[in-house]
Amino acid sequence: WLVRLGAAHNDLLAALTWSLGDGGDPEGALALTANLWWYWYVRGHVAEGLVWLRRTLAASSPLSSGTRAAALRGASALARSSGDYAEAIRFGEQCLAMVRDLDDRQGVAGSLNSLSATALAMGRVEDAVGYAEDSLAEVRGSGNQRGLGASLTNLGTALRNLDRYEAADLALREAGGVFQALGDVRGETSTIINRAILERRRGRLTASRECCLEALRLCVVLGHAEGQVDCLDVVAAIEVAEGHHAAGLRLFEVVRAARRRLGLEVSTPDERRDRDAAIKLARVSLDGQAIAALEVAASQVDITAAAIAVLDAIA
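Because the structure is a prediction, the values reported are computed rather than measured.

1. Things to note about helix H2 (residues 9–20)
Phase 1: With twelve residues, H2 should reach 16 Å at 1.5 Å per residue; the first-to-last C-alpha distance of 17 Å fits that figure.
Phase 2: On its buried face, H2 is in contact with helix H1 (2–7), helix H3 (26–43) and helix H4 (46–59).

Written out as structure tokens, the structure reads:
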């Protein structure tokens, strides 16, 4: 489906333009964006998707519906990925109120899960844990396995940010098992990346690298842009920790340029702290000329090409 949607990308944008213009069908446009936001997220079209979600939400009926709730959740997720946390919270709270109005239990679980991720990105770690636990309570035993995996992933990530490593590991491993059983590769990559960060924070660099390379292979196959930049951030931090400062800084610069192009931000406080500390350490060990050369070279590197190069180096 990712391949099919990619091939139809321009046609879909034309359909949205027509629906909001001459076609006079804002509700049809809303239905398209409500179903496309996940594609936009996985493929790295975050800025584009957010523009269309904002437009269709503004143009369509404000009355409660499952379609509108899905679009609000998508808008919240893409706003969070782009670093606009105030907008992410606003859309997320609107979504939660709507699914409660619709008495949609699974929608409530998904909305709480999304709010957990946004709270964590904002540094409100205790709130993130609370939202994730509430989401897990809604979804546990409901038969919604994908929702269960997502809630466990967010709970594990939030617990990691409280340095509750054992509990975080248990939640992330359970989530990985759920996604693997579903054949949900994107979900599985998320749990592996978060476990890679967890292992690095525990000081287990070999285990962290192994997890990260496993996730990176999957992200390259999926064309999952955000997953690739997250993985390469972890690899870069490991390189610096192992004393390979120039190699680590080069990867950080490749990722920084890719995040800027894609409109993506680092989403969790511990990742931001680790990245900033590693970059500072690498920069003080190199002279200004070497750093400038790395920055120029890295800005020209495609993120997938960089990911493949990292994988090829250990093949």
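Let us keep going from here.
2. Let's talk about the packing of aromatic side chains
Phase 1: Counted under the stated rule, the structure contains two aromatic pairs.
Phase 2: When the ring of Trp37 is compared with that of Trp38, the centres are 5.2 Å apart and the planes differ by 85°; the resulting orientation is edge-to-face.
Phase 3: Grouping aromatic residues by their ring pairs yields a cluster made of Trp37, Trp38 and Tyr41.
Phase 4: One cation-aromatic arrangement involves Arg4 over Trp1; the distance from NZ or CZ to the ring centre is 4.3 Å.
Phase 5: The ring of Phe91 has Arg90 sitting right over it, with the charged end atom 4.8 Å from the ring centre.

3. Considerations on unusual backbone geometry
Phase 1: A positive phi is found at Asp103, a non-glycine position, where the angle reads about 55°.
Phase 2: By the secondary structure assignment, Asp103 is in the loop between helix H6 (85–101) and helix H7 (105–121).
Phase 3: Positive phi, close to 65°, is recorded for Asp163, a residue that is not glycine.
Phase 4: Summarising the element assignment, Asp163 is placed in the loop between helix H9 (145–160) and helix H10 (165–182).

4. A few points about the environment of Asp25
Phase 1: For Asp25, the position within the fold is in the loop between H2 and H3.
Phase 2: A relative accessible area of 32% places Asp25 in the partly exposed class.
Phase 3: Along the backbone, Asp25 and Leu57 are 32 residues apart, and their C-alpha atoms lie at a distance of 12 Å.
Phase 4: Among the polar contacts made by the side chain of Asp25, one reaches the main-chain amide nitrogen of Gly28 at a distance of 3.0 Å.

Each value, and the rule that gives it
- Residues numbered from 1 in each chain as written.
- Predicted model: local features only at pLDDT ≥ 70, side-chain atom pairs only at ≥ 80, totals over all residues.
- Heavy atoms only, no water.
- Helix = DSSP H or I, 4+ residues; strand = E, 2+ residues; numbered from the N terminus.
- Expected span 1.5 Å × (residues − 1).
- Contact = heavy atoms within 4.5 Å.
- Phe/Tyr/Trp six-rings, centres within 6.5 Å; stacked < 30°, edge-to-face > 60°.
- Lys NZ or Arg CZ within 6 Å of the ring centre and 35° of its normal.
- Buried < 20%, exposed > 50% of the residue type's maximum accessible area, 1.4 Å probe, protein only.
- Polar contact = N/O pair within 3.5 Å; in protein donor to acceptor, adjacent residues only side chain to side chain.

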